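Structure at a glance
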Amino acid sequence: MTETAKIVLEGVAKSFGSKHVLRGVDLCVQQGQSTVIIGGSGTGKSVTLKCVLGLISPDAGSITVDGQDVSRLRGRARETMLDKFGMLFQGGALFDSLLVWENVAFRMLQGRRKLPRHDARDLAIEKLRRVGLTPETADLYPAELSGGMQKRVGLARAIAAEPEIIFFDEPTTGLDPIMADVINELIREIVVEMGATAMTITHDMSSVRKIADRVAMLHDGVIQWEGPVDDIDATENPYVHQFVNGLAEGPIEAIR
Amino acid sequence: MAILSLIQGFLASIGAAVLGLCQAAGHLTLFAGASTSHIVRPPIYPVELWRQFLRIGYFSLPVVGLTALFTGAALALQIYIGGSRFNAESVVPSIVAIGMTRELGPVLGALMVAGRVSASIAAEIGTMRVTEQIDALTTLSTNPLKYLVVPRLVAATIALPMLAFLGDIIGIMGAFLVGVGRLGFNEATYIQITWDFLEFGDVTSGLIKAAVFGFIIAMMGCYHGYNSGRGAQGVGRATTNAVVSASVLIFASNYVLTEILFAA
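Per an unreviewed UniProt entry, chain B carries the name ABC transporter permease and comes from Thermohalobaculum xanthum. The heading Sequence similarities (unreviewed entry) in the UniProt record of chain B holds the text "Belongs to the MlaE permease family." The UniProt entry for chain B carries the following comment under Function (unreviewed entry): "Could be part of an ABC transporter complex."

Where an unreviewed UniProt entry is consulted, chain A appears under the name ATP-binding cassette domain-containing protein, with the organism given as Thermohalobaculum xanthum.

Here we take up the overall build of chain A. A count of helices and strands for chain A gives nine helices and ten strands. For chain A, the C-alpha radius of gyration of 18 Å lies close to 18 Å, the compact-globule estimate for 256 residues. Expressed as lengths along the three principal axes of its C-alpha atoms, the size of chain A is roughly 55 × 40 × 40 Å. Looking at the 256 residues of chain A, the share that counts as buried comes to 54%. For chain A, the share of sequence-separated contacts (at least 6 apart) that also reach a separation of at least 24 residues comes to 65%. Within the structure as shown, chain A displays about 11000 Å² of accessible surface, and the carbon and sulfur contribution to it stands at 50%. Seen as two clouds, the 28 positive and the 35 negative side-chain charges of chain A have centres 7 Å apart.

Before going further, it helps to examine the domain arrangement of chain A. Residues and elements named next belong to chain A. Examined at the domain level, chain A breaks down into domain 1 (1-84 + 164-256) and domain 2 (95-162). On a C-alpha basis, the centres of domain 1 and domain 2 stand 26 Å from each other. A combined buried area of about 1400 Å² lies between domain 1 and domain 2, and 56% of that area is made up of carbon and sulfur atoms. Considering only the side of domain 1, the residues that lose the most area to domain 2 are Asp83, Leu186 and Ile190, jointly responsible for 34% of the buried surface there. One can count two salt bridges joining domain 1 with domain 2. Ionic pairing is found between Glu193 and Arg130, a salt bridge with its closest N-O pair at 2.8 Å. The tally of links from domain 1 across to domain 2 stands at five residue pairs in polar contact (both at pLDDT 80 or more). For the side of domain 1 that touches domain 2, the elements supplying multiple residues, two or more each, are α2 (75-82), β7 (165-169) and α7 (177-194). Ranked by residue count, the leading element in the side of domain 1 that touches domain 2 is α7, at nine residues. Of the residues belonging to the side of domain 1 that touches domain 2, the class tally is twelve nonpolar, three polar and seven charged.

Here the focus is the sheet that holds strand β6 (residues 85-88) of chain A. Residues and elements named next belong to chain A. Taken in spatial order, the six strands of this open sheet run β6-β7-β8-β3-β9-β10, and their pairing is mixed. The open sheet has two free edges, formed respectively by β6 and β10 (222-228), since each of these has just one partner strand. For this sheet the average axis-to-axis angle between neighbouring strands, irrespective of direction, equals 15°. As paired strands, strand β9 (residues 214-219) and β10 are joined by six bridges and run antiparallel to one another. Bridge pairing links Arg214 to Pro228 in β10. Across the sheet, helix α9 (residues 238-245) lies against β3 (34-38), β9 and β10, angled at about 100° from β9, the strand it touches most.

Here we come to the interface of chain B and chain A. Counting residues at the interface gives 18 residues for chain B and 24 residues for chain A. The largest per-residue losses of area from chain B upon contact with chain A belong to Thr139(B), Leu140(B) and Ser141(B), which jointly make up 34% of the total buried on that side. At the surface where chain B touches chain A, the tally comes to two salt bridges. Viewed at the interface, chain A and chain B are joined by seven residue pairs in polar contact (both at pLDDT 80 or more). Among the elements that line the side of chain B that touches chain A, the one with the most residues is helix α5 (residues 133-139) of chain B, at six residues. Here the side of chain B that touches chain A is built from residues that sort into eight nonpolar, seven polar and three charged.

This part covers α9(A). Residue and element names in this part refer to chain A. Along α9, the residues classified as buried are Tyr239, Val240, Gln242, Phe243 and Val244. Next to the buried residues of α9 lie β3, α8 (205-211), β9 and β10. Two to three positions downstream of the cap, the backbone nitrogen of Tyr239 sits 2.9 Å from a side-chain oxygen, assigning the N-cap of α9 to Asn237. Backbone geometry just downstream of α9 places Gly246 in the positive-phi region, at approximately 60°.

In this section: the packing of helix α4 (residues 92-130) of chain B against helix α9 (residues 231-263) of chain B. Residue and element names in this part refer to chain B. Put simply, α4 and α9 touch, their axes get as near as 8 Å, and they point 150° apart. In terms of axis orientation, α4 runs roughly antiparallel to α9. The hand of the α4/α9 crossing is right-handed. Split by residue class, the contact of α4 with α9 holds 15 nonpolar, nine polar and one charged.

Looking now at α9(B). Its 33 residues place the ends of α9(B) 47 Å apart at the C-alpha level, agreeing with the 48 Å of an ideal helix rising 1.5 Å per residue. Close packing links the buried residues of α9(B) with α4 and α8 (200-226) of chain B.

Attention now goes to the nonpolar core. The biggest cluster of nonpolar side chains holds 76 residues, and the ones touching the most others in it are Phe85(A) and Phe167(A). It is helix α6 (residues 144-181) of chain B that provides the largest number of residues to this core, a total of eleven residues. Looking at which domains feed residues into this core, each of domain 1 (1-84 + 164-256) and domain 2 (95-162) of chain A supplies at least three. Listed in part, the 51 residues of the second largest apolar core include Ile38(A), Trp101(A), Leu155(A) and Met205(A).

About the criteria used
Residues numbered from 1 in each chain as written. Chains lettered and ligands numbered in written order. Predicted model: local features only at pLDDT ≥ 70, side-chain atom pairs only at ≥ 80, totals over all residues. Heavy atoms only, no water. UniProt positions renumbered as here; feature names shortened; annotations may be inferred. Helix = DSSP H or I, 4+ residues; strand = E, 2+ residues; numbered from the N terminus. Rg over C-alpha atoms; globule rule 2.2 N^0.38 Å. Buried < 20%, exposed > 50% of the residue type's maximum accessible area, 1.4 Å probe, protein only. Contact = heavy atoms within 4.5 Å. Areas by Shrake-Rupley, 256 points an atom, 1.4 Å probe, with all protein chains shown as cover. Lys, Arg positive; Asp, Glu negative; His and termini not counted. Charge placed at Lys NZ, Arg CZ, Asp CG, Glu CD. Domains from an automatic or database assignment. Buried area = accessible area lost by both parts, 1.4 Å probe. Salt bridge = Lys/Arg side-chain N within 4 Å of Asp/Glu carboxyl O. Polar contact = N/O pair within 3.5 Å; in protein donor to acceptor, adjacent residues only side chain to side chain. Nonpolar A, V, L, I, M, F, W, Y, C, P; charged D, E, K, R; others polar. Pairing = 2+ DSSP bridges. Axes fitted to C-alpha atoms, helices over the stretch in contact; angles between N-to-C directions. Parallel < 35°, antiparallel > 145°, perpendicular 65-115°, else oblique. Left-handed = near helix turned anticlockwise from the far one by under 90°. Expected span 1.5 Å × (residues − 1). Core = buried A, V, L, I, M, F, W, Y, C linked by side-chain atoms within 4.5 Å.

Encoded structure:
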């Protein structure tokens, strides 16, 4: 595979009041690769993803997607850029007032890629099947589903428009270990099958080992280490060593 | 020395409150400007607009209708008492008509809708903010202002005049029932006086007011929900602020509109 940079972050900084969350994040995600960002709670993993998506404007630095600087995009240009993305949110972020299939086919019901309603529904059912849900689920409301099913629906929505880039925000949080493994398997399968570029944030090490091609460790607002997933156990980086082994002692303070 | 620092503290607290108010007014103005500019720019979401129209207009009809009915009935009794002091009981139909159409129909109807709809909009959009549904909309290439705010603003601005018009009719009917059943008015005479006395401008001025109130109600609900703080407490505060600010702005804009329409 030829390595082409899909997403590049250079010196990305973001502060909220006096709290400096990102102090100069540098990260390069190659096309077709699955990169997982690890780090403790409150270290700015979600802020990093939201900066790439334009949900939060960085104070400094540049973010490029396919060579285009996206950090200052507005309006229609940003919407077009976001067509490349799919995102699975930590809590699912499914729209309560819409049926499951309407959630999955949201882009095909509203946006520039609008399809006739029955075609959009057929596509939603196909995507629901892909994540292991039956067509009967399509006509339920999100509140009628279990946490695991909501994650699957969120995953189906993220992949419905076959995006080039998929972001996963804590995909296994709040799930039992078996369901977490099912979701990890699905993510891996789908990313490989679609050839998509994936960026995941998590502190679940079993997810990391299952999903990642490469791993980046974020702490103190900068990437402390970045490398292939096979190297995370062998690296001598003290941050990665402490995090991977879940040690209370080390450079990462237990109380933040 | 102690008195001086007390005075300084007092002045500082007033200054902080004024600055906070100016900041909030600035934020609200920018939000209203951005939202309003999206009304005329595609894409529009007709299904969402219809859904909001039903929710804000149709489902508010019982509460507005009952409020107007009882207000009209009470107004008839009060005007009868006042009128009887100078032998002018016959003014009941005409004063009820003008009072309902120009003032009480739109204002009381809007206050009832503010309590019902502003709160519900703020709670819904606030919950969407807290559960990242608004972020999800953005990642799905959908502008949240267009999808969430514009349909509510347009629906409320159209629905409120309709509700006010129906409220006018129901209020006058409430007064008619009391006038005929309790105060001894002749049915035909009551209707004739009401019809003869009412002018086109009485009704239209009330409807113009109602449209402005509808815009205020939806804007306050959307603004506070969209900028809701985190957690249940944040959503609760947004809901309260939406109802309080909508109610106060309804009264304030009512005076301004009455002055403008009075001069016209």
